[in-house]
Amino acid sequence: MRKRTLTIRLMPDWRSGLRAAARKAQAKSYQGEELAFETPAVFFGKLTERRWALIRMLQGKGVLSIRELARRVERDVKRVHEDVSVLTELGLFEREEGGVVCPFARIHVDFELAAAA
């Protein structure tokens, strides 16, 4: 089984993101996966500190139930369920029988802030 990788980027120009994804899709070997956010505000709104804690806790652990995940991070099950739903919608978690899994062995966040021209 191949180890999956994810690169998270800030990409205000969604068209260039689509072109890059099309190039990767045509490659003969696995090129990793990407998740793009249009602005830093959207990135930080979706990937909060508590959600990062869930990602770190689940990464490499296999399938865990939401209840077990909540126990391990010492949080309320309802709130963890809400965060898991967002992370699943973003593609960072996947639902499997018995719970959820973070399928990525490696997650890289890549963004740059530059002065306006």
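You'll find the structure just up there.
Here's what I pulled together on the structure shown here. (Residues numbered from 1 in each chain as written. Predicted model: local features only at pLDDT ≥ 70, side-chain atom pairs only at ≥ 80, totals over all residues. Heavy atoms only, no water.)

### Regarding the overall build of the chain
Next, step 1: Counting its secondary structure elements, the chain contains five helices and five strands.
Next, step 2: For the chain, the N- to C-terminal ordering of α and β elements is β-α-β-α-α-α-α-β-β-β.
Next, step 3: Over its C-alpha atoms, taken along the principal directions, the chain stretches across nearly 45 × 35 × 15 Å.
Next, step 4: Looking at the chain residue by residue over its 117 residues, the buried ones come to 31%.
Next, step 5: Within the chain, contacts between residues separated by at least 24 positions form 67% of all contacts whose residues are at least 6 apart in sequence.
Next, step 6: With the model as given, the accessible surface of the chain reaches about 7900 Å², and the carbon-plus-sulfur share is 51%.
Next, step 7: Across the chain, the mean location of the 22 positive side-chain charges is 3 Å away from that of the 16 negative side-chain charges. (Helix = DSSP H or I, 4+ residues; strand = E, 2+ residues; numbered from the N terminus. Buried < 20%, exposed > 50% of the residue type's maximum accessible area, 1.4 Å probe, protein only. Contact = heavy atoms within 4.5 Å. Areas by Shrake-Rupley, 256 points an atom, 1.4 Å probe, with all protein chains shown as cover. Lys, Arg positive; Asp, Glu negative; His and termini not counted. Charge placed at Lys NZ, Arg CZ, Asp CG, Glu CD.)

### Section: the packing of helix H3 (residues 49-58) against helix H4 (residues 66-73)
Axis angle and axis distance: for two packed helices, these are the angle between their axes and the distance between the axes, and together they describe the pair.
Next, step 1: Interhelical geometry of H3 versus H4 gives an angle of 110° and a closest axis separation of 10 Å. By the angle between their directions, the pair H3 and H4 is classed as roughly perpendicular. Here Ala53, Leu54, Met57 and Leu58 of H3 lie close against H4, whose contacting residues are Leu69, Arg72 and Val73.
Next, step 2: For the contact of H3 with H4, the class distribution of residues is six nonpolar, no polar and one charged. (Axes fitted to C-alpha atoms, helices over the stretch in contact; angles between N-to-C directions. Parallel < 35°, antiparallel > 145°, perpendicular 65-115°, else oblique. Nonpolar A, V, L, I, M, F, W, Y, C, P; charged D, E, K, R; others polar.)

### A short note on a nonpolar patch on the surface
Next, step 1: Nonpolar side chains collect at one region of the surface, where Phe44, Val109, Phe111 and Leu113 lie side by side and expose about 400 Å² of accessible area between them.
Next, step 2: As for its placement among the helices and strands, Val109 is situated in strand E5 (residues 104-110). (Patch = residues over 30% accessible without salt bridge, like charges linked within 9 Å, V, L, I, M, F, W, Y side chains within 5 Å. Salt bridge = Lys/Arg side-chain N within 4 Å of Asp/Glu carboxyl O.)

### Examining the sheet that holds strand E2 (residues 33-37)
Next, step 1: As summarised here, the arrangement of the three strands in space is E2-E1-E5, forming an open sheet in which the pairing is parallel. In this open sheet, the two edge strands, each paired with only one partner strand, are E2 and E5. Averaged over neighbouring strand pairs, the angle between their axes works out to 20° when direction is ignored. (Pairing = 2+ DSSP bridges.)

### Quick word on H3
Next, step 1: Among the residues of H3, those classed as buried are Arg51, Leu54, Ile55 and Leu58. Around the axis of H3, the buried residues are gathered within 100° of arc, so they sit on the same side. Turned more than 90 degrees off the buried face of H3, the exposed positions are Glu49, Arg50 and Arg56.
Next, step 2: On the buried face of H3, the contacting elements are helix H2 (40-46), H4, helix H5 (77-90), strand E4 (99-101) and E5. (Arc of directions from axis to C-beta.)

### Some details on unusual backbone geometry
Trans is the prevailing form of peptide bonds, just as negative phi is the prevailing case for residues other than glycine.
Next, step 1: Unlike most non-glycine residues, Glu74 shows phi in positive territory, near 55°.
Next, step 2: Mapped onto the secondary structure, Glu74 falls in the loop between H4 and H5.

### Some remarks on the packing of H4 against H5
Next, step 1: Look at H4 against H5: their axes get within 9 Å of each other, and the N-to-C directions meet at 110°. Considering the angle they form, H4 stands roughly perpendicular to H5. Crossing geometry of H4 relative to H5 is assigned as right-handed. Residues Ile66, Arg67, Leu69, Ala70 and Val73 of H4 touch H5, and the partners they reach there are Val77, Val80, His81 and Val84. (Left-handed = near helix turned anticlockwise from the far one by under 90°.)

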